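Report on the structure
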Amino acid sequence: MVTRGFGGRRPPREQAERLPPGQYLTEDFPVLSAGPTPQVRLEDWSFTLKVGPKPVAEWDWEAFNRLPISRMTRDIHCVTAWSKFDTSWEGVLVDDILAEAGIEAPKPYTLAHCFDGYTTNVPTADLVGGKAMVAIRFEGEPISPDHGGPARLLVPHLYFWKSAKWIDGLQFIDQDTAGFWELRGYHLYGDPWREQRYTDD
Amino acid sequence: MTDGGAEPGTVRAARWQPSTIKRIVRQTPRVTSFFLLPRTPFVWRAGQHADVRLTAPDGYTAQRSYSIAGAPEAGPEVELAVERLEDGEVSSFFHDVAAVGDEIEIKGPLGGHFVWNAADGGPLLLIGGGSGVVPLMSMLRHRAERAAHVPVAMLYSARAWDEIIFRDELLDLDGKVGLSLAFALTREPARRSQDFSRRIDPPMVAAVLAALSEGPRLAFVCGANRFVSAASDALIAAGIDPQRIRTERYGQ
């Protein structure tokens, strides 16, 4: 449906090719979250891996920082329609977390859990094979609390609400189980290139 | 984080559909309300938003989310209060081009967290900065229609008296039973004894909380990120359970 009188501002071609449908490029880094920003002290920080209800590994901040650190530079896409190019992150690949725990991706789905009670669901296949990390630095600096520090999940190929802030664990489960936003009208999977913003998109 | 009464899981999938601009009402020099009538009307909950999508002749599209200002009872026309942003691709279209009778694509209702239903009860604390007042206005209007007994305190920060969106309606509501309203003007002196003339800070939040006879069951905070952070940090410092605070942020 053409909108009368709307010309629009097209980004240059090299930008347009990197923008999923309905997204626009932003240079800043907007903050979106459902509640207050939790202030997680490093001495209180922990990260737990669970298979079903059972914890199988746990790290404190120091131990987690001794795991192999990888870098990822990726474009990120927020469901509220902004995208940001070439964001650079350092953290521990989910592959390396699993290796350290001595297990292989044990179940088809994963729930990410966070210090503020937030959850989000991601198929396990989207977390392994170098696709995702638990990030602890953004642009070379510790991640600020507003942006999810001390640590956030980074799953850059899905809408950014999947990259859960203030993460404190991954739980592997048998059935795909809707997380916080997924229960509130947002898409179960969230592929920006298929514009899966809302339930049934 | 827990949700009192937000009914997660009951969200009906929203679809793109045409709507017609029925009315345009200027609210402030930078904010104008557009009343859109969707071809297939939908029912929303106070605090939800809608997406609008503009399409150029060559198929290029731009879409944005706008909070719904009207109470659910005000349907089927969906009131979106659009602030003109410098360089705003979509907001400048609304302000400079859109006219009554135009068709705009809309999708809604959206969002299932920053919502309040009369059945959720109170007391209610609403803190808005700038156009962050829009979803709070929907809640206030819904309360007036359905739950006028619910105590509510509101703090609304704007740059100037003339930039207070819905000012006359808010002034009319203020002083009614169970409702207390304070404005915080950041670039002008206060005009009323209960108002403030500075940016939001913890003493201001404490003063607004004191207007409620008991702590809020739910606090809704909406505005720019810095404003929302300042407000919610002040609420936590005042002893409010973070689980009772819901935020909606835009930009930085």
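Keep in mind that what you see is a predicted model, and the values were worked out from it rather than measured.

Conventions adopted
- Residues numbered from 1 in each chain as written.
- Chains lettered and ligands numbered in written order.
- Predicted model: local features only at pLDDT ≥ 70, side-chain atom pairs only at ≥ 80, totals over all residues.
- Helix = DSSP H or I, 4+ residues; strand = E, 2+ residues; numbered from the N terminus.
- Rg over C-alpha atoms; globule rule 2.2 N^0.38 Å.
- Buried ≥ 20, exposed ≤ 12 C-beta atoms within 10 Å, placed from the backbone.
- Contact = placed C-beta atoms within 7 Å.
- Pairing = 2+ DSSP bridges.
- Axes fitted to C-alpha atoms, helices over the stretch in contact; angles between N-to-C directions.
- Domains from an automatic or database assignment.
- Nonpolar A, V, L, I, M, F, W, Y, C, P; charged D, E, K, R; others polar.
- UniProt positions renumbered as here; feature names shortened; annotations may be inferred.
- Expected span 1.5 Å × (residues − 1).
- Core = buried A, V, L, I, M, F, W, Y, C linked by C-beta atoms within 7 Å.
- pLDDT = per-residue confidence, 0-100.

1. Overview of the overall build of chain A
What chain A contains, in helices and strands, is three helices and eleven strands. Along chain A, helices and strands appear, N-terminal first, in the series α-β-β-β-α-β-β-α-β-β-β-β-β-β. For 201 residues, the compact-globule estimate of 2.2 N^0.38 gives 17 Å, and chain A sits close to it at 17 Å. Across its three principal directions, the C-alpha atoms of chain A cover 60 × 35 × 30 Å.

2. What to know about the overall build of chain B
Within chain B one finds five helices and eleven strands. Computed over C-alpha atoms, the radius of gyration of chain B comes to 18 Å, within 12% of the 18 Å expected from 2.2 N^0.38 for 252 residues, which places it in the range of a compact globule. Dimensions of chain B along its principal axes, counting C-alpha atoms only, are 55 × 40 × 30 Å. Considering chain B as a whole, with its 252 residues, one finds that 50% of them fall into the buried category. A fraction of 73% describes how many contacts in chain B between residues 6 or more apart in sequence connect residues 24 or more apart.

3. Structural notes on the sheet that holds strand β3 (residues 54-60) of chain A
Residue and element names in this part refer to chain A. Read from one edge to the other, the open sheet built from five strands follows the order β3-β2-β11-β6-β7, with strand pairing classed as mixed. At either margin of the open sheet sits one strand with a lone partner, and together these are β3 and β7 (119-123). Pairs of neighbouring strands in the sheet enclose a mean axial angle of 20°, with direction left out of account. Strand direction decides the pairing type here: strand β6 (residues 109-114) and strand β11 (residues 167-173), joined by six bridges, are antiparallel. The residue bridging His113 from the neighbouring strand is Gly169, located in β11.

4. Considerations on the sheet that holds strand β11 (residues 245-250) of chain B
Residue and element names in this part refer to chain B. Sheet architecture is open: five strands sit in the order β9-β8-β7-β10-β11, paired in parallel fashion. Both edges of this open sheet fall to β9 (179-185) and β11, since each of them pairs with a single strand only. Each strand axis lies, on average, 10° off the axis of its neighbour in the sheet, ignoring direction. When strand β8 (residues 152-158) meets β9, the two strands line up parallel, connected through seven bridges. Residue pairing across strands places Ala158 opposite Leu185, the latter belonging to β9.

5. So, the domain arrangement of chain B
Residues and elements named next belong to chain B. Structurally, chain B comprises domain 1 (17-110) and domain 2 (118-250). A straight line from the C-alpha centre of domain 1 to that of domain 2 covers 24 Å. On the side of domain 2, 14 residues touch domain 1, which itself brings 17 residues to the contact. Of the residues belonging to the side of domain 1 that touches domain 2, the class tally is nine nonpolar, five polar and three charged.

6. Some thoughts on the interface of chain B and chain A
Across the contact, 40 residues belong to chain B and 33 residues belong to chain A. Secondary structure elements with two or more residues in the side of chain B that touches chain A: β3 (49-55), β4 (61-67), α1 (89-96), β6 (103-110), α5 (225-237) and β11 of chain B. Split by residue class, the side of chain B that touches chain A holds 18 nonpolar, 14 polar and eight charged.

7. As for the UniProt feature "domain: FAD-binding FR-type" (unreviewed entry) in chain B
The feature "domain: FAD-binding FR-type" (unreviewed entry), as given by UniProt, occupies residues 14-116 of chain B in the numbering adopted here. Helix makes up 8% of residues 14-116 of chain B and strand 45%, whereas the separation of the span's terminal C-alpha atoms amounts to 19 Å.

8. Quick word on the environment of Arg246(B)
Along the chain, Arg246(B) falls in strand β11. When the C-alpha positions of Arg246(B) and Ile236(B) are compared, they lie 12 Å apart, and in sequence the two are ten residues distant. Non-local contacts of Arg246(B), meaning those with residues more than four positions away in its chain, are made with Ala34(A), Gly35(A), His113(B), Phe114(B), Leu218(B) and Phe220(B).

9. Thoughts on the environment of Gly128(B)
All names here are of chain B. Residue placement: Gly128 occurs in strand β7 (residues 124-129). It is 20 Å that separates the C-alpha atoms of Gly128 and Lys176, two residues lying 48 residues apart in sequence. Once residues within four sequence positions are removed from consideration, Gly128 is found in contact with Val133, Leu136, Tyr156, Cys222 and Gly223.

10. Thoughts on helix α2 (residues 133-146) of chain B
All names here are of chain B. Between the first and last C-alpha of α2 there are 20 Å, a value that for 14 residues agrees with the 20 Å anticipated at 1.5 Å per step. In terms of residue burial, α2 counts as a mostly covered element, since eleven of its 14 residues are buried. Looking at α2, one finds that the buried residues are Val133, Val134, Pro135, Leu136, Met137, Ser138, Met139, Leu140, Arg141, His142 and Arg143.

11. A word on unusual backbone geometry
A cis amide bond links Gly149(A) with the next residue in sequence, Pro150(A), at an omega value of 10°. Within the secondary structure layout, Pro150(A) lies in the loop between β9 (141-142) and β10 (152-154). At the junction of Gly75(B) and Pro76(B), the peptide bond is cis and its omega measures out at 5° in the coordinates. Located in the positive-phi region is Ala81(A), a residue other than glycine, with phi close to 95°.

12. A look at the nonpolar core
All names here are of chain B. Of all hydrophobic cores here, the largest spans 120 residues; its most connected members are Leu80, Leu126, Phe220 and Ala231. When residues of this core are assigned to domains, at least three map to each of domain 1 (17-110) and domain 2 (118-250). Filtering out sequence-adjacent residues up to four positions away, Leu80 remains in contact with Ser33, Phe34, Leu36, Ala50, Tyr66, Ile68 and Ala69.

13. Looking at the confidence of the model for chain B
Residues and elements named next belong to chain B. Taken as a whole, chain B shows an average pLDDT of 93; of its residues, 94% reach a score of 70 or greater. Across residues 1-11, where pLDDT falls below 50, the model places 26 contacts with residues more than four positions away in sequence or in other chains. Across the whole predicted complex the pTM is 0.92, and at the interface the ipTM reaches 0.89.

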